[in-house]
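A structural walkthrough
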Amino acid sequence: MHDLLSDARLALRGWRRAPGFTAIAIASIALGIGANTAIFTLVDQVLLRVLPVKAPHQLVQVTLDGNHYGNNWGDLSELSYPWYAALGDQPVFDGVFGRFGYKINVGSAGHTEEARGEIVTGTYFPVLGVRPALGRLLSPDDDRQRLGHPVAVLSHAYWTSRFGADPSVVNRSILVNGQPYTVVGVAQPGFEGIELGRATDIFVPIAMKKQITPGWDGLDERLWRWVRVFGRLKPGESMASAQAGLAAWTAAQVTTDLATTGFANAGASVRKEYERNRVVLEPAAQGHSNFRRELTTPLLVLMSIAAGVLVIACANVANLLLARALRRRREIALRLALGVTRARLASQLLTESLILAVAGGVAGLLIANWGGAVLRAVVLDKSEAPAGFRDPRTILFALAAAVVVGVITGLAPVLQAGRVDLTADLKAGAREGTVHRSKTRIGLLVFQGALSVLLLVGAGLFVRSLRNVNGVRLGYDVDPVLLVNLNMRGEKLDSAATIGLLQRLEQRAKTTPGVEHVSRQVAVPFWSTWSVGLFVQGIDTVSRLGQFNLNAVSPDYFATMGTRILRGRGFTDADAANAPRAMIVSEGMGKVLWPGKDPIGQCIRVNADTVPCTYVVGIAEDIKQQSLAADTGSFYYYLPSAQFNPQNAGLFVRVRGDADVFREAVRRQLQHEMPGASYVTLTPLSEIIGGQTRSWHLGATMFVAFGALALVLAAIGLYSVIAYNVAQRTHELGVRVAVGAQSGDLIRLVVVEGLRLSVAAVMLGVAVAWVAARWLKPLLFEESPRDPAVFVVVTATLVATALAACWVPARRASRVDPMVALRAE
């Protein structure tokens, strides 16, 4: 400890004597560690952390693999409620629970706002092992009687933000979708539900579902898959054995389903395929998240990029320490001659680099505390999970990164010290000690420059990919369109009253300033779909040809959405309920059902093969409804809302300009038509589609940020090394001036040296990027990973940066006073 403290004091004195050197080294390390720690906080939350519940690795999600027949609300990983109810007595589980996420409206103390709700079974909290922070949580008794227990549990984050952490909230009545609910408790801190990226605000019993989602109960419907089901395996039970143990139960549920009236019109082939359904268990220690699957690859790529930035920072600092060690060769030789062991000397040099690294790590943690918070706010919305200085894992990561950086950067001067020649270095004067060349220093500069090229090429390719994503023709406009959803809050309307309400809402919206077009709809791209059976003469099973989704719309739909009619006509007011049945099909659907024929005038029977013909009257352009890439096997068609009137219709509103600007004005106008406690919610279509482009925006933004950071670090590294060389070569430069060299000659000498290094770095980086292109291609969108334009721009940028970095040291060299330089010893 005495030696360590002595080394630390010596290092600190040395850093104080060289403030410029110290500032550059600490800044380089801080930027590298800060970038890595900021990304780590996001990677940790999305990919590494498990649910804050009891024995999370015993949790599994129960899903079905096989033919889906009926209706679905979600991503096809759900089960129907009757399937969930029958699962509870299976011996492989210690308990099972179900949940369903749904936006709700919460009112308290005269203030109403939208919140994220979770409709859960009474076993939800007991099976998870979540504890109450206040009051009690939901229990099986709360969902035994339908509509019998209007109680609610708040998440800790929602209780803190919405109710100011007021303990008197327990037993207080609040309004949930306009109905009184009693708050019975608050969940433990950190528990935000089991779906990453969708922090839950309030939990209500599944027995209250009919009140939460008026008009759609679903608790008795075997062919409505909407409950996400989880189970806790018994100790010692593996997923494979549990899955095998559920085979007989699955077969029994399938047999019961086939006996329902929902299969009355299903053909033999459909029934046979349905019999192949089997239960699949998936690990659920981290809960369920399509969001996680969407971000896994981009986050791993970003972590790799951040690591590259840290490597560049390490190369910077190692180069600076190596240059300093070369300058200290005579000092090191003298210390060795006086009896200091090489091990003791290595310990001192490592201590110096570790102190630098720890200082940089602390500064980096400050950067990460801000940058990580920004990233989490953008990606994770709201989260109560600890981060930054509140999270020991983040602090430990930053500390570990600092130690690794300290050791790596300290190796260069330690190895250099090991090659000291006592006799030669003790004889050398200060002038001789300044002219040493190091291949290691040159190699480090070229290496960090090549890494910068790689990151800048990646940034350019991702930016162009994002441009391509934004340029995709979706088949409809996004920015000027608002989605209107009706939340009835228990208001019961018959079919005629519902149609009347929709008509009044249409008329009211059309009179709102800024609104151009309004249309009814029952399906929203990337949000919800609607499908029914289709029957075409000459085709045995239409569903085998692809997925056919419908939308029931009013005549103004195509003008509202900006979807083009390619041939035939759109809907008009003449397509009334008593008129001949009309249909508009997408271009792809027409080609699949009637290859080589004109679809217009063709007959399709909708819902059953005994109903009258619905005739195709128009061909619309294909739309993107599930993927930004080609929706292979997925087709769209349209029916007039006057001839197809489902109860859950909504509206699309097209405004003149940005939809978000008009959202509140349109909402206020439409709210006047809503009966009783019901209300409307408006969502810009751009928010829905934005989820599909999130990974591209994140990738492009982070690539550009890290590419710019790498470029700055490379410029700092080149500048510092060239500047150090100029300082070392003061005597040589003075001699050159004394024998007739002009200032332009000295500038050229220094700049050419820097350009030679940057050109070597560019050549190496371009070669590696060209070879690595095939691994980058899957991450790009309609962009060649070997785009010449990107490589040319990156090359020009790095060379220009190198020129700028060399210019200041070159100007300093041109002003060397030969008399001062020649007198220096």
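Source: prediction; values computed, not measured. (Residues numbered from 1 in each chain as written. Predicted model: local features only at pLDDT ≥ 70, side-chain atom pairs only at ≥ 80, totals over all residues. Heavy atoms only, no water.)

**As for the state of the cysteines**
Per the stated rule, a full pass over the model turns up one disulfide. Disulfide pairing places Cys 603 opposite Cys 613 at an S-S distance of 1.9 Å. The disulfide joining Cys 603 to Cys 613 has a torsion of about -85° about its S-S bond and is therefore left-handed. One end of the pair, Cys 603, is in strand 19 (residues 603–606); the other, Cys 613, is in the loop between strand 19 and strand 20 (614–620), and ten residues separate them in sequence. (Disulfide = S-S within 2.5 Å. Helix = DSSP H or I, 4+ residues; strand = E, 2+ residues; numbered from the N terminus.)

**Some details on the pattern of salt bridges**
This model, assessed by the stated rule, comprises 30 salt bridges. Across the pair Asp 257 and Arg 222 runs a salt bridge whose closest N-O atoms are separated by 2.5 Å. One end of the pair, Asp 257, is in helix 8 (residues 247–258); the other, Arg 222, is in the loop between helix 6 (209–212) and strand 10 (224–225), with 35 residues separating them in the sequence. Each member of the pair, Asp 257 as well as Arg 222, carries the same accessibility label: buried. Glu 506 is the salt-bridge partner of Arg 520, the closest N and O atoms lying 2.7 Å from each other. Of this pair, Arg 520 sits in strand 14 (residues 515–521) while Glu 506 sits in helix 17 (residues 495–510), and the two are 14 residues apart along the sequence. (Salt bridge = Lys/Arg side-chain N within 4 Å of Asp/Glu carboxyl O. Buried < 20%, exposed > 50% of the residue type's maximum accessible area, 1.4 Å probe, protein only.)

**Thoughts on the packing of helix 23 (residues 743–771) against helix 25 (residues 788–814)**
Here helix 23 crosses helix 25 at 155°, and the two axes come no closer than 8 Å. Put simply, helix 23 runs roughly antiparallel to helix 25. Between helix 23 and helix 25 lies a crossing whose hand is right-handed. Grouping the constituent residues of the contact of helix 23 with helix 25 by class yields 19 nonpolar, five polar and one charged. (Axes fitted to C-alpha atoms, helices over the stretch in contact; angles between N-to-C directions. Parallel < 35°, antiparallel > 145°, perpendicular 65-115°, else oblique. Left-handed = near helix turned anticlockwise from the far one by under 90°. Nonpolar A, V, L, I, M, F, W, Y, C, P; charged D, E, K, R; others polar.)

**Re the nonpolar core**
One finds Ile 39, Leu 299, Tyr 476, Tyr 638, Leu 685 and Phe 706 to be the most contacted residues of the largest nonpolar core, which totals 78 residues. For this core, the leading source of residues is helix 21 (residues 685–728), giving 13 residues. Not counting chain neighbours up to four residues away, the residues in contact with Tyr 638 comprise Asn 551, Val 553, Tyr 557, Phe 558, Thr 563, Phe 571, Ala 582, Met 583, Ile 584, Ala 620 and Ile 623. The next biggest cluster of nonpolar side chains, apart from the first, holds 52 residues, and it includes Val 62, Val 106, Leu 154 and Val 254. (Core = buried A, V, L, I, M, F, W, Y, C linked by side-chain atoms within 4.5 Å. Contact = heavy atoms within 4.5 Å.)

**Notes on helix 23**
Taking 1.5 Å per residue, 29 residues should reach 42 Å; helix 23 reaches 42 Å between its end C-alpha atoms and fits that length. All of the buried residues in helix 23 are Leu 746, Ile 747, Val 750, Val 751, Glu 753, Gly 754, Leu 757, Ser 758, Ala 761, Val 762, Gly 765 and Ala 769. (Expected span 1.5 Å × (residues − 1).)

**Here we look at the pairing of strand 7 (residues 173–176)**
Side-chain alternation along strand 7 places Ile 174 and Val 176 on a buried face and Ser 173 and Leu 175 on a face that remains uncovered. Two strands pair when backbone bridges link them, and strand 3 (residues 93–108) and strand 7 are joined in this way by two bridges, in the antiparallel orientation. Across the sheet, Val 106 pairs through a bridge with Val 176, a residue of strand 7. When strand 7 meets strand 8 (residues 179–187), the two strands line up antiparallel, connected through four bridges. Bridging from a neighbouring strand, Val 176 pairs with Gln 179 of strand 8. As consecutive antiparallel partners, strand 7 and strand 8 are separated by two residues, and within that stretch Asn 177 has a phi angle of approximately 50°, a positive value. (Pairing = 2+ DSSP bridges.)

**Some details on the pairing of strand 6 (residues 151–154)**
Covered by surrounding structure in strand 6 are Val 151 and Val 153 together with Ala 152 and Leu 154, the residues of both alternating faces. Inspection of the sheet shows strand 6 paired to strand 8 by four bridges, in the parallel sense. Paired with Leu 154 across the strands is Val 186, a residue of strand 8. Alignment of strand 6 against strand 9 (residues 202–205), held across two bridges, turns out to be antiparallel. By the bridge assignment for strand 9, Val 153 is matched with Phe 203.

**Let's talk about the sheet that holds strand 13 (residues 481–487)**
Strands sit in the order 14-22-13-23 across an open sheet of four strands; the sheet is antiparallel. A single partner strand is all that each edge strand has here, and the edge strands are strand 14 and strand 23 (679–684). Along the sheet, successive strands turn relative to each other by an average axial angle of 25°, direction set aside. One ladder, built from six bridges, connects strand 14 with strand 22 (residues 650–655); its direction is antiparallel. Following the sheet pairing, Val 515 is matched in strand 22 by Val 655. Sheet strands touched by helix 17: strand 13, strand 14 and strand 22. Its angle to strand 14, the strand with the most contacts, is close to 165°. Of the strands in this sheet, strand 13, strand 14, strand 22 and strand 23 touch helix 20 (residues 659–671), which is tilted by about 165° from strand 23.

**Details of a nonpolar patch on the surface**
On the surface, Leu 396, Leu 399, Val 403, Val 407, Leu 411 and Leu 415 cluster together to form a nonpolar patch covering roughly 530 Å² of accessible area. Tracing the chain through its elements places Val 403 in helix 13 (residues 392–417). (Patch = residues over 30% accessible without salt bridge, like charges linked within 9 Å, V, L, I, M, F, W, Y side chains within 5 Å. Areas by Shrake-Rupley, 256 points an atom, 1.4 Å probe, with all protein chains shown as cover.)

**Some words on the packing of aromatic side chains**
Under the criterion given, the structure shown has 25 aromatic pairs. Residues Phe 40 and Phe 397 carry aromatic rings whose centres are separated by 4.2 Å and whose planes lie at 5° to one another, so their mutual orientation is stacked. Of this pair, Phe 40 sits in helix 2 (residues 19–48) while Phe 397 sits in helix 13; the two residues are 357 residues apart in sequence, bridging distant segments of the chain. With a relative accessible area of 23%, Phe 397 lands in the partly exposed category. Measuring from ring centre to ring centre gives 5.0 Å for Phe 558 and Tyr 638, while their planes differ by 70°; the resulting arrangement is edge-to-face. You can see Phe 558 sitting in helix 18 (residues 557–561) and its partner Tyr 638 sitting in strand 21 (residues 634–640), a full 80 residues away along the chain. Note on Phe 558: relative accessible area 8%, which makes it buried. According to the relative accessible area criterion, Tyr 638 is buried, its value standing at 0%. The lysine or arginine in question, Lys 209, covers the ring of Phe 100, its NZ or CZ lying 5.8 Å from the ring centre. (Phe/Tyr/Trp six-rings, centres within 6.5 Å; stacked < 30°, edge-to-face > 60°. Lys NZ or Arg CZ within 6 Å of the ring centre and 35° of its normal.)

**A closer look at unusual backbone geometry**
Of note, the phi angle at Ala 165 is positive, near 55°, even though the residue is not glycine. The residue Ala 165 is located in the loop between helix 5 (156–163) and strand 7 in this model. The backbone of Phe 526 sits at a positive phi, close to 65°, despite the residue not being glycine. Note that Phe 526 resides in the loop between strand 14 and strand 15 (534–535). Residue Phe 526 is classed as buried on the basis of its relative accessible area of 15%.

**A short note on the side chain of Asn 277**
Relative to the helices and strands, Asn 277 resides in the loop between helix 9 (268–274) and strand 12 (278–283). From its side chain, Asn 277 meets the backbone oxygen of Tyr 274 in a polar contact 2.9 Å long. Those residues in contact with Asn 277 that sit more than four places away from it in its chain are Leu 64, Asp 65, Gly 66, Asn 67, Thr 250 and Val 254. (Polar contact = N/O pair within 3.5 Å; in protein donor to acceptor, adjacent residues only side chain to side chain.)

**Topic: a positive patch on the surface**
Where like charges cluster on the molecular surface, the positive patch consists of Arg 9, Arg 13, Arg 16 and Arg 17. Tracing the backbone shows Arg 13 in helix 1 (residues 2–17). The class for Arg 13 is partly exposed, based on a relative accessible area of 38%. (Lys, Arg positive; Asp, Glu negative; His and termini not counted. Charge placed at Lys NZ, Arg CZ, Asp CG, Glu CD.)

**Examining the confidence of the model for the protein**
Low pLDDT marks regions whose predicted coordinates should not be analysed in detail. Here the protein averages 84 in pLDDT, while 92% of its residues score no lower than 70. Note that residues 429–435 has pLDDT below 50 and, in this model, eleven contacts with residues that lie over four places away or in other chains. (pLDDT = per-residue confidence, 0-100.)

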